[in-house]
Amino acid sequence: MKVHYNIGGRVSTVDCQIGMQANDSRVDFTYTETGALRSVAYDGAINWRYIYDDDNKLSKIEHSGTWEVLRYDKHGRCSFVIF
């Protein structure tokens, strides 16, 4: 397994092989301007996307076409997730 980092010190790419006979796989990570995780791609296909609100709180997660929406209470705690 080989891990690559971006200029900000965050993981940008992981190259790995699962099993003795398996082909190499690559997982790529992208980040927002504020450093929050934006997406995760497995072998070039985006599998996870993350959307943040104006307060930089995670507000939506998308995986394979399915969205989860997060809601927060007045104290900033995640209080509800819609699948």
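These remarks concern the structure in this document. Not measured: the values here are computed from a predicted model.

**Examining unusual backbone geometry**
Step number 1: A positive phi angle, close to 65 degrees, is found at Asn56, a residue other than glycine.
Step number 2: Looking at the element boundaries, Asn56 is found in the loop between β5 (45-52) and β6 (58-63).

**A look at the pairing of strand β8 (residues 78-82)**
Step number 1: Pairing analysis gives four bridges linking strand β7 (residues 66-72) to β8, with the strands arranged antiparallel. Looking at the pairing, Val69 lines up with Ile82 of β8.
Step number 2: Here β7 folds back onto β8 in antiparallel fashion, the turn holding five residues, of which Gly76 has a positive phi close to 85 degrees.

**Notes on the nonpolar core**
Step number 1: Val14, Val27, Val40, Tyr50, Ile61 and Leu70 together form the largest nonpolar core, which totals six residues.
Step number 2: Look past the residues within four positions of Val27 in its chain and what remains in contact with it is Ser12, Thr13, Val14, Val40, Ala41 and Tyr42.

**Some points on the pattern of salt bridges**
Step number 1: In total, this model carries four salt bridges according to the counting rule given.
Step number 2: Between Asp15 and Arg26 there is a salt bridge, and its shortest N-O distance comes to 2.7 Å. One end of the pair, Asp15, is in strand β2 (residues 11-17); the other, Arg26, is in strand β3 (residues 24-31), with eleven residues separating them in the sequence.
Step number 3: Look at Arg26 and you get partly exposed, because its relative accessible area is 38%.
Step number 4: Arg49 is paired through a salt bridge with Glu62; the nearest N and O atoms lie 3.3 Å apart. Taken together, the positions of Arg49 in strand β5 and Glu62 in strand β6 put the pair 13 residues apart, joining distant regions of the chain.
Step number 5: Residue Glu62 is classed as buried on the basis of its relative accessible area, which comes to 10%.

Parameters and conventions
- Chains are numbered independently. Their residues run from 1 in the order of the written sequence.
- For a predicted model such as this one, the threshold for reporting local features is a pLDDT of at least 70, and the threshold for listing and counting side-chain atom pairs is 80 or more; totals across whole chains, interfaces and linings nevertheless cover every residue.
- Only hydrogens and water are removed before side-chain values are computed, so all heavy atoms of the structure are retained for them.
- By the criteria applied, helices consist of DSSP H or I runs no shorter than four residues and strands consist of E runs no shorter than two, each listed in order from the N terminus.
- Only strands joined by at least two bridges in the DSSP assignment are considered to pair.
- Definition of nonpolar core: a set of buried residues of the types Ala, Val, Leu, Ile, Met, Phe, Trp, Tyr and Cys, connected through side-chain atoms within 4.5 Å.
- Relative accessibility thresholds used throughout: buried, under 20% of the residue-type maximum; exposed, over 50%; partly exposed, between the two (1.4 Å probe, protein chains only).
- Throughout, a contact is declared for two residues whenever any of their heavy atoms are within 4.5 Å.
- Each reported salt bridge corresponds to a side-chain nitrogen of Lys or Arg within 4 Å of a carboxyl oxygen of Asp or Glu.

Keep in mind these numbers describe shape, not what the thing actually does.
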